[in-house]
Amino acid sequence: MKRRDFLATSAAAAAGSGLIACRAPETAAAPPDGIGQWGPAGDSNVPGLLGPAHGTVWGRRGVTAAADYYASLAGTTIMMQGGNAIDAIVAASATLNVSEPYMSGLGGFGGFMLIYLAEENRVVGLDALGRAPAASSASTIAPDDVEMGYKAPIVPGAFKGWAAVLERYGTMSLGDVFEPAIQLAEDGFVISKFDELHTTGSADKLGNYPSSTRIMFPNGRPPRMGEIIRQPELAASMRRLAREGADDFYRGEIGDRIVAFLAENGGHMTKADLESYEVAWREPITTTFQGHDLYAMPPGSCGMTMFQALNIMDGFDLANMDLYGSEFAHLWLEANRLALIDDERYNTGNEDAEIPVDTIISKEYADEQRATIDPARIASFSGAPLPFFGTTSLSSADRWGNAVAFTQSLVALYGSGVIAGDTGIFLNNGHMFGFSLEEGHVNYIAGGQKAKGVMTPCVVMKDGNLVAAVGAAGGYTIPQTVGQVITKLTAGGMDMQLAIASPRMCLNRGGGLTPIPEDSVTYLEAGFPPDVYGELADRGHYLVEPGNLGGVQGVYRDAETGALAGGSDPRRDGHAIAW
């Protein structure tokens, strides 16, 4: 691969692009012949790092990479106390509930977790995605109900997942791993610029619910950077759950308080919905890429979709291709567009669906699809929409060789916008994603159905040794961004932080809809060589100013020394912390 000095940060990439990544994506119809294409202002001859650049962190005993530094600190602190990577990931997840409350938490939609168990030399998968309440249907859920409010939540899967993985593979109790989060909720966390932007942007939503504004707007308005948010009710709920366990959320007092609050306000989730919920341990799917073995979750995740795109790309001469040139960019975008078509056609959380996974991730199918790509022009596609918004991802690795990649979500920012009464727990708006109100759609809503998620955590192995555990946030950009980071690690020879922070590209569409129809747009971050923007436009790509490109967090292990590294996305508030 032609190497560039990625560490030389261009002025255009470093100045202001951190705010670009926080903007909502826009919908636009493609102009003819590239008219009106977006390109970055200023000199960007050298690809640069977005936001506050920092290097890969290294350690020998443990590393945690999360989208918020409070969470990374919590995870690594737990490992310093003797915990393993599983203990650390639960500690970090609980802490994100406090310091990144708009992305995930106890009342979250749920998520997918991949765990590499060093002693057994195998990867296991945990599906903790939630289900629709039994009363959910196209006749009981209107389009206006899914974005926010008391009907928006589905059965939360996140907490049951935390408890299940801790019980099976952890070494500490819920009380141990919850302590950093409880202390932070009681003492308060400091609002960052990233927090301020997202909370201010959600002010109208939160303003509808007194239970939420009472906590998040302590001064009667969205908090500014530098102010402190305390969450004593959340701390009390966490202390109770740490003592009583997951049953108290799904079968006990906390669950009673949640469903009673929803019922008082017109919601239809019941105690029976909570009591019937279970997580599932699932066998990962696997493929090879650039001499590495990759593991991901099966459908309802987008692991199948990412593998499909990577298999297509694996047949090109990546070793001699500039990963920041227009040839690679065009082929990458077209491969992902092909994969997203099949994702829209087949991928669902419905356990009864027949999905041809083996065919879709086969090398033979990749050969067929690769042959359809025109190197000089984009293809024309159409497809139906499926809505989605935001999420968070985190990874950890320990001195014993274990590693975890976990992606979880509230779905939209602050989920439903609703804190469940005096519990301090934000509830998801899972009806907004994973289900469709369009009859005949593969994800047509039905009571009790498992949701679909685009979350795509991945474990990377080589010659039987752990290489990396990585995941991302960002809706339908997730399989694209995780795939790019894996490509940069393997074909590009980059370290984890550089693979994450360096400029990337994605297909996207307004409102988080599936980015395959002709009105989808291309995000190409500032920092690519100037000629790439025009050359992609000439091929028919419609470039717009980048919106949400998600947030990637990953950990890496040196096969020879066992040294551990972590990288965290500067597009978010995270910073990996190693010990």
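Residues numbered from 1 in each chain as written. Predicted model: local features only at pLDDT ≥ 70, side-chain atom pairs only at ≥ 80, totals over all residues. Heavy atoms only, no water.

Peer 1: Break down the overall build of the protein chain for me, with residues and values.
Peer 2: A tally of regular secondary structure across the protein chain gives 20 helices and 19 strands. A total of 579 residues make up the protein chain; the buried ones form 65% of that total. Within the protein chain, contacts between residues at least 6 apart in sequence are counted, and of these 75% link residues at least 24 apart. Here the protein chain has roughly 19,100 Å² of accessible surface; of this, 49% comes from carbon and sulfur atoms. (Helix = DSSP H or I, 4+ residues; strand = E, 2+ residues; numbered from the N terminus. Buried < 20%, exposed > 50% of the residue type's maximum accessible area, 1.4 Å probe, protein only. Contact = heavy atoms within 4.5 Å. Areas by Shrake-Rupley, 256 points an atom, 1.4 Å probe, with all protein chains shown as cover.)

Peer 1: Now, about the environment of Y556: what can you tell me, with residues and values included?
Peer 2: Along the chain, Y556 falls in strand 17 (residues 551-557). In this view, Y556 contacts W58, V467, A468, M496, A563, L564 and A565; residues no more than four positions away in its chain are not counted.

Peer 1: Can you break down the sheet that holds strand 8 (residues 285-289) residue by residue, with the values?
Peer 2: Taken in spatial order, the seven strands of this open sheet run 1-18-17-13-12-9-8, and their pairing is antiparallel. Since the sheet does not close on itself, it has two edges, and those belong to strand 1 (57-59) and strand 8, each with one partner. Across the sheet, the mean angle from the axis of one strand to that of its neighbour is 20 degrees, orientation sign disregarded. Relative to strand 17, strand 13 (residues 465-473) runs antiparallel, the two sharing six bridges. When the sheet's bridge partners are listed, V470 is paired in strand 17 with G554. Each of strand 8, strand 9 (292-296) and strand 12 (458-462) is contacted by helix 14 (residues 303-314), which is oriented at about 20 degrees to strand 8, the strand it contacts most. In the packing of helix 18 (residues 478-490) onto the sheet, contacts are made with strand 8, strand 9, strand 12, strand 13 and strand 17, and the angle to strand 13 comes to roughly 150 degrees. (Pairing = 2+ DSSP bridges. Axes fitted to C-alpha atoms, helices over the stretch in contact; angles between N-to-C directions.)

Peer 1: I'd like a description of the nonpolar core, backed by residues and values.
Peer 2: Judged by nonpolar contacts, the single largest core of 90 residues is most densely connected at C458 and I486. Among the elements that make up this core, the one with the highest residue count is helix 15 (residues 326-346) (eight residues). Residues in contact with I486, not counting those within four places in the same chain, are F289, L294, M306, C458, V460 and V470. Core analysis: the second largest hydrophobic core is formed by 77 residues, A164, A203, L234 and F406 among them. (Core = buried A, V, L, I, M, F, W, Y, C linked by side-chain atoms within 4.5 Å.)

Peer 1: Please provide a residue-by-residue account of the packing of aromatic side chains, values included.
Peer 2: Scanning the model with the defined rule gives 17 aromatic pairs in all. Note on W58 and Y556: the rings are 6.1 Å apart at their centroids and 85 degrees apart in plane angle, and the pair reads as edge-to-face. Taken together, the positions of W58 in strand 1 and Y556 in strand 17 put the pair 498 residues apart, joining distant regions of the chain. Assessed through its relative accessible area of 26%, Y556 is described here as partly exposed. Taken together through their ring pairs, the aromatic side chains of F159, W162, F178, F249, Y250 and Y277 make up a single cluster. The aromatic ring of W579 is capped on one face by R61, whose charged end is 5.5 Å from the ring centroid. The ring of Y250 is capped by K160, whose NZ or CZ atom sits 4.8 Å from the centre of that ring. (Phe/Tyr/Trp six-rings, centres within 6.5 Å; stacked < 30°, edge-to-face > 60°. Lys NZ or Arg CZ within 6 Å of the ring centre and 35° of its normal.)

Peer 1: Run through the pairing of strand 3 (residues 110-117), naming residues and quoting values.
Peer 2: When you tally the buried positions in strand 3, you get eight out of eight residues, the bulk of the element. Of the two faces of strand 3, the one carrying G110, F112, L114 and Y116 and the one carrying G111, M113, I115 and L117 are both buried. Across seven bridges, the pairing between strand 3 and strand 11 (residues 403-411) is antiparallel. Across the sheet, residue I115 finds its bridge partner in strand 11, namely V404. In this sheet, strand 4 (residues 122-127) lies alongside strand 3 in antiparallel orientation, the contact comprising six bridges. Following the sheet pairing, F112 is matched in strand 4 by D127. Turn length for the strand 3-strand 4 hairpin, with the two strands adjacent in sequence and antiparallel, is four residues, and the turn residue N121 shows positive phi of about 50 degrees.

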